[in-house]
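Residue strings, one per chain:
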Amino acid sequence: MPGHEAVGVIEAAGDGVDPALLGRRVGAAWLAHACGRCEFCLAGQENLCDHADFNGYTRDGGFASHMLADPDFLFDLPPGAPAAEIAPWLCAGLIGWRSLRATGQARRLGIYGFGSAGQILAQVCRWQGRSVYAFTRAGACPRQRHARTLGAAWAGDSTQDPPEPLDGAILFAPAGELVPARAGRRAARAAA
């Protein structure tokens, strides 16, 4: 059963689960369980665990009236936010946040691929006072305009250089050719 962004209220607690959780509004994201012992789990990279389970993939997901979830992999959610608005934070929001943390204090941040994760991340970056440079496919003008409405300092296609050097970049685009293309251009500039 698919559904990797589930929002609900805890109605029952299994053996060993704190009954104080009953009635809490929570979200279940893609990562449903990790072993907690491997090198990835110990480094805070549970998403890379070789023994992980995933909602909507290796476990039944949230396209149902009820689902089972590991309480250690649930997120408390605010009571008033509509489920349809908050659910994307359980996937695109978490992916974006984890990626943003990896960029450290980068003030000028390139976001390659401006789908759900990029759109959420652009708003977080604006709130943090960072400048976002959004890169899309060539000709994706509506998406570039949308990036600017979300506060991007610049938006263009991924074959273009930004108007100023970036301090960091996050690649959400499913286009592996962007990695060597961008790295090669930087190396060529450094050699000149």
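Every value quoted in this text rests on a predicted model; they were computed, and no experiment measured them.

Draft legend 1. Molecular detail of the packing of helix α3 (residues 92-102) against helix α4 (residues 116-128). Between α3 and α4, whose axes approach to 8 Å, the crossing angle comes to 55°. Classified by the angle their axes make, α3 and α4 are oblique. Viewed along their axes, α3 and α4 form a crossing whose handedness is right-handed. Judged by residue contacts, Ala92, Gly93, Gly96, Trp97 and Leu100 of α3 engage Ser116, Ala117, Ile120, Leu121, Val124, Cys125 and Gln128 from α4. For the contact of α3 with α4, the residue count by class is 8 nonpolar, 4 polar and no charged.

Draft legend 2. Quick peek at the packing of aromatic side chains. Counting across every chain of the model gives 4 aromatic pairs. Pairing Trp30 with Phe54 gives two aromatic rings, centres 4.8 Å apart and planes at 25°, and the pair type is stacked. Of this pair, Trp30 sits in the loop between β2 (25-28) and β3 (31-33) while Phe54 sits in strand β4 (residues 53-54), placing them 24 residues apart in sequence. A relative accessible area of 37% places Trp30 in the partly exposed class. Put simply, the rings of Trp30, Phe54 and Tyr57 touch in pairs and so form one group of aromatic residues.

Draft legend 3. Highlighting α3. Those residues of α3 that sit buried are Ala92, Gly93, Gly96 and Leu100. One side of α3 holds all its buried residues, which, seen down the axis, span an arc of 90°. Opposite the buried face of α3, at more than 90 degrees from it, the exposed residues are Arg101 and Ala102. Among the structural elements, β6 (108-112), α4 and β9 (168-171) are those in contact with the buried residues of α3. Backbone geometry just downstream of α3 places Gly104 in the positive-phi region, at approximately 65°.

So, how was this worked out
Residues numbered from 1 in each chain as written. Predicted model: local features only at pLDDT ≥ 70, side-chain atom pairs only at ≥ 80, totals over all residues. Heavy atoms only, no water. Axes fitted to C-alpha atoms, helices over the stretch in contact; angles between N-to-C directions. Helix = DSSP H or I, 4+ residues; strand = E, 2+ residues; numbered from the N terminus. Parallel < 35°, antiparallel > 145°, perpendicular 65-115°, else oblique. Left-handed = near helix turned anticlockwise from the far one by under 90°. Contact = heavy atoms within 4.5 Å. Nonpolar A, V, L, I, M, F, W, Y, C, P; charged D, E, K, R; others polar. Phe/Tyr/Trp six-rings, centres within 6.5 Å; stacked < 30°, edge-to-face > 60°. Buried < 20%, exposed > 50% of the residue type's maximum accessible area, 1.4 Å probe, protein only. Arc of directions from axis to C-beta.

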